[in-house]
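Take a look at the letters that make up each chain.
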Amino acid sequence: MTGPTTGPTAAAWPPASGHAGAAPWYRRVTAQAGLEMRTVLRNGEQLVITLVLPVLLLVVLTRTTAVDLGTGDRIALVAPGVLALAVMSAAFTSQAIATGFDRRNGVLRLLATTPLGRTGLLAGKALGIAAVQAVQMAVLVVVAVVLGWRPVASGVPAAVVLVVLGTTAFTALALLVAGTMRAEAVLAVANLVWVLLLAGGAVLLPADLLPAPLGAVAQLLPSGALGGGLRAALTGGELPAGPVVVLTAWTVGAGALTARLFRWS
Amino acid sequence: MRAAPRRPVPPDLDCVLVPTSPDAVRVDGLVKRYGRVEAVRGLDLVARPGAVTAVLGPNGAGKTTTVECCEGLRSPDGGTVRVLGLDPVADARALRPRVGVMLQDGGLPSTVPAGEVLRHVASMYARPRPLDELGDRLGLGSFARTQVRRLSGGQRQRLALAAAVVGRPEVAFLDEPSAGLDPQSRIAVWDLVRELRDDGTAIVLTTHQMAEAEQLADHVVVVDGGRAVAAGTPGGLVGGAGQTTAGTLRLTVVPVRAPADTRPAAATWAGALGASLERAGVVARVDADPRRADALEVHAQVDPGLVRLVTAWADDTGLLVTSLAAGPRTLEDVFLELTGRSLR
């Protein structure tokens, strides 16, 4: 035995140096948001799906005629779709995979024991996604404008509303997947859903380019609602009611399920 | 996460009935179930400030579950848990800045560089420990730019320990802090734990390494089957009051005239030797060594008389003693006596 005898008199109590105290809540949340954002931007696979693929699709679909879009003004149709796809990539696929692995590795549990807590962790994630999307939108809008895109200015506020709604709906779905499945299953599901919605979810291209029954269903999916809503807003300058209702319903439904079913470990 | 069960006494009344306790951690009758499995069954545990309390037990004994209830990560199904006099679930916000946690599975984000992980955890505190000093102490500098997923097990352990103590905790829960460490890292980790203790921090660590408990702990709680089966100082547990055995005699034997089909039968011999010693009036317990069919362990007061009795029994039984070693009783002896030899 090398230690002193135990007991409250054996040492100063509380510890002589005192505990470090919690940092203010906004510092904790912004620190978490910064970590989340850097993790996406540093990680090759995440960067490909959130930024590189959307930029490639924007350029290829605008500059080539391999896919018949049924319109001469290709960029007006493609640019809003690519913005919607970028939202889906960052808020759903990328977030589901990151959260799924953080959950398996115990990161969610460890951070919940620090002054950040579970609420701060969720707030940090939300802010981190918003920051990633700000970067995405800036890059994509600049590339699209360089390619000749001239969106209807009066539709921009409506587009912002739709992006925020779409982000909350897709984030709720991401946390539902990440909080209920094994990490490997999350990886598979998040990528598969991304591919399926890209092909048949009316996110990138309008629902009326899809076969009739699929097109009708796609407008009720968050992908079709966000894509269709952004196309309506940025070409027609209006805030369409249908997509707003669909995205709100997905947010409420997935949010309620996530709150009930999400497991932290 | 399930809601915390209703506490039997309202918190305000609780304070009136129970005077402020000097215990940093107090667990009374903790029960925790996973489905129908009862992982913890009425466990008691006390940890004091300025002391290292080791929770020692075999795999699946309920160590990690107990610690996770203290960390507020799980809600107890029964009993009470108090950390610094507070409820880890209901009072989590007040406790988080005062409690440091090192999880068994690390809890470190895999794609983030090690140095950034520590800076990130430090940024949650108003006045964290200086990172350079902590990094030097635990040798983190050499891999600060390496992503967590590329670290060795020992490097991860040291980083996780640094994250647990960077907030100058009043109570630190360390789940198997030395698992996978090389001897140099282990010494660095133990030195840091001792320094925290001397500064007044209450440290609760789980381990199944006897050396760690013997070297580091001021207080040991042996856990088995979801209960605390013994508690005390390491010295007290090994040779303290109420103990009847103070040493171990290990011997190997072979039959002098073995028929071709006779194989060593340590279990049979252990029974016979135990009976023989009892007839001679010696208080002893004889075990067959599960690792070798020809080895016996006699737990008793080791003295020349015992050696004479054991060798005389071997002679009478037609056995040749091929090796004989006497040693003091160790914490491992106590641990195996308390928790048995069956594999978990």
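Calculation criteria
Residues numbered from 1 in each chain as written. Chains lettered and ligands numbered in written order. Predicted model: local features only at pLDDT ≥ 70, side-chain atom pairs only at ≥ 80, totals over all residues. UniProt positions renumbered as here; feature names shortened; annotations may be inferred. Contact = placed C-beta atoms within 7 Å. Helix = DSSP H or I, 4+ residues; strand = E, 2+ residues; numbered from the N terminus. Nonpolar A, V, L, I, M, F, W, Y, C, P; charged D, E, K, R; others polar. Pairing = 2+ DSSP bridges. Axes fitted to C-alpha atoms, helices over the stretch in contact; angles between N-to-C directions. Parallel < 35°, antiparallel > 145°, perpendicular 65-115°, else oblique. Left-handed = near helix turned anticlockwise from the far one by under 90°. pLDDT = per-residue confidence, 0-100. Buried ≥ 20, exposed ≤ 12 C-beta atoms within 10 Å, placed from the backbone. Core = buried A, V, L, I, M, F, W, Y, C linked by C-beta atoms within 7 Å. Expected span 1.5 Å × (residues − 1). Arc of directions from axis to C-beta.

Where an unreviewed UniProt entry is consulted, chain A appears under the name ABC transporter, with the organism given as Cellulomonas carbonis T26. In its Subcellular location (unreviewed entry) section, the UniProt entry covering chain A states "Membrane".

## Overview of the interface of chain B and chain A
Across the boundary between the two partners, chain B contributes 47 residues, which contact 40 residues of chain A. For the side of chain B that touches chain A, the elements supplying multiple residues, two or more each, are helix 3 (92-95), strand 5 (99-102), helix 4 (114-122), helix 7 (183-198) and helix 9 (234-239) of chain B. Taken together, the residues that form the side of chain B that touches chain A break down as 21 nonpolar, 13 polar and 13 charged.

## Some words on the sheet that holds strand 9 (residues 227-232) of chain B
All names here are of chain B. The strand order across the open sheet built from six strands is 5-6-7-3-8-9, with neighbouring strands paired in mixed fashion. At either margin of the open sheet sits one strand with a lone partner, and together these are strand 5 and strand 9. The mean angle between the axes of side-by-side strands here comes to 15 degrees, regardless of whether they run parallel or antiparallel. Inspection of the sheet shows strand 3 (residues 52-56) paired to strand 7 (residues 202-207) by five bridges, in the parallel sense. By the bridge assignment, Val 52 is partnered in strand 7 with Ile 203. Across the sheet, helix 2 (residues 63-70) touches strand 3, strand 6 (171-175), strand 7 and strand 8 (219-224), and the angle it forms with strand 7 is around 155 degrees. Sheet contacts for helix 7: strand 3, strand 6 and strand 7; angle to strand 7, the most-contacted strand, approximately 145 degrees.

## Points about the packing of helix 3 (residues 74-104) of chain A against helix 5 (residues 117-146) of chain A
All names here are of chain A. At a minimum axis distance of 10 Å, the contact between helix 3 and helix 5 shows a crossing angle of 160 degrees. With respect to each other, helix 3 and helix 5 are oriented roughly antiparallel. Relative to helix 5, the crossing made by helix 3 is right-handed. Here Ile 75, Ala 79, Val 82, Leu 83, Ala 86, Val 87, Ala 90, Ala 91 and Gln 95 of helix 3 come into contact with helix 5, specifically with Ile 129, Val 132, Gln 133, Gln 136, Met 137, Leu 140 and Ala 144. Looking at the contact of helix 3 with helix 5 residue by residue, the class counts come to 13 nonpolar, three polar and no charged.

## Remarks on the confidence of the model for chain B
All names here are of chain B. On average, residues of chain B carry a pLDDT of 86, and 88% of them reach 70 or more. Note on residues 6-20: pLDDT is under 50 here. Beyond four places in sequence and across chains, it has three contacts. Here the prediction assigns the complex a pTM of 0.80, and the interface score ipTM is 0.84.

## A word on the UniProt feature "transmembrane region" (unreviewed entry) in chain A
Residues and elements named next belong to chain A. In the numbering adopted here, UniProt assigns the feature "transmembrane region" (unreviewed entry) to residues 47-66, 78-101, 122-149, 155-178, 185-205 and 241-262. Taken as a whole, residues 122-149 contains 89% helix and 0% strand, while its terminal C-alpha atoms sit 35 Å from one another. Helix makes up 95% of residues 241-262 and strand 0%, and the two end C-alpha atoms of the span are 31 Å apart.

## Overview of the environment of Trp 25 of chain A
All names here are of chain A. Topologically, Trp 25 is positioned in helix 1 (residues 25-42). Residue class for Trp 25 comes out partly exposed when judged on the 14 C-beta atoms lying within 10 Å of it. As for Trp 25 and Gly 155, which are separated by 130 residues in sequence, their C-alpha atoms are 35 Å apart.

## Let's talk about the nonpolar core
Ranked by internal contacts, the top residues of the largest apolar core, which has 85 residues, are Val 25, Leu 118, Leu 159 and Val 204 of chain B. For this core, the element with the highest residue contribution is helix 6 (residues 153-165) of chain B, accounting for seven residues. Residues Val 29, Trp 149, Leu 173 and Leu 204 of chain A belong to the second largest nonpolar core, which totals 64 residues.

## A short note on helix 11 (residues 304-317) of chain B
Residue and element names in this part refer to chain B. The first and last C-alpha atoms of helix 11 sit 20 Å apart over 14 residues, in line with the 20 Å expected at 1.5 Å per residue. For helix 11, the set of buried residues is Leu 309, Val 310, Trp 313 and Ala 314. On an axial view of helix 11, the arc spanned by its buried residues comes to 135 degrees, and they lie on one face. Away from its buried face by more than 90 degrees, helix 11 exposes Pro 304, Gly 305, Arg 308, Ala 312, Asp 315 and Asp 316. Against strand 10 (247-255), helix 10 (266-279), strand 12 (295-300) and strand 13 (319-328) lie the buried residues of helix 11. Looking one or two residues past helix 11, Gly 318 carries a phi angle of roughly 80 degrees, positive in sign.

## Side note on unusual backbone geometry
Residues and elements named next belong to chain B. Despite not being glycine, Arg 168 shows a phi value in the positive range, around 45 degrees. Residue placement: Arg 168 occurs in the loop between helix 6 and strand 6. Using a count of 22 C-beta atoms within 10 Å as the deciding quantity, one classes Arg 168 as buried. The backbone phi angle of Glu 176 is positive, close to 50 degrees, even though this residue is not glycine. Along the chain, the position of Glu 176 falls in the loop between strand 6 and helix 7. The exposure class assigned to Glu 176 is buried, which follows from the 20 C-beta atoms found within 10 Å.

## What to know about the packing of helix 2 (residues 44-63) of chain A against helix 5 of chain A
Residues and elements named next belong to chain A. Interhelical geometry of helix 2 versus helix 5 gives an angle of 20 degrees and a closest axis separation of 10 Å. Considering their axes alone, helix 2 and helix 5 lie roughly parallel with respect to each other. Here helix 2 and helix 5 pass one another in a crossing that is right-handed. On the side of helix 2, the interface is formed by Thr 50, Leu 51, Pro 54, Val 55 and Leu 58, while helix 5 contributes Val 132, Gln 136, Val 139, Leu 140, Val 143 and Ala 144.

## What about the confidence of the model for chain A?
On average, residues of chain A score 89 in pLDDT, and 93% of them reach the 70 mark or higher. Helix 8 (residues 212-218) of chain A is the least confidently modelled element of chain A, averaging 88 in pLDDT, while helix 6 (residues 156-178) of chain A averages 96, the highest of any element.

## Observations concerning the environment of Arg 74 of chain A
All names here are of chain A. For Arg 74, the location among the structural elements is in helix 3. Taking the C-alpha atoms as reference points, Arg 74 and Thr 64, 10 residues apart in sequence, are found 9.5 Å from one another. In this structure Arg 74 touches Leu 61, Thr 62 and Leu 69, once residues within four positions along its chain are discounted.

## Points about the UniProt feature "domain: ABC transmembrane type-2" (unreviewed entry) in chain A
Here the UniProt-annotated "domain: ABC transmembrane type-2" (unreviewed entry) positions come out as residues 45-265 of chain A. End C-alpha atoms of residues 45-265 of chain A are separated by 25 Å, and the span's content is 77% helix alongside 0% strand.

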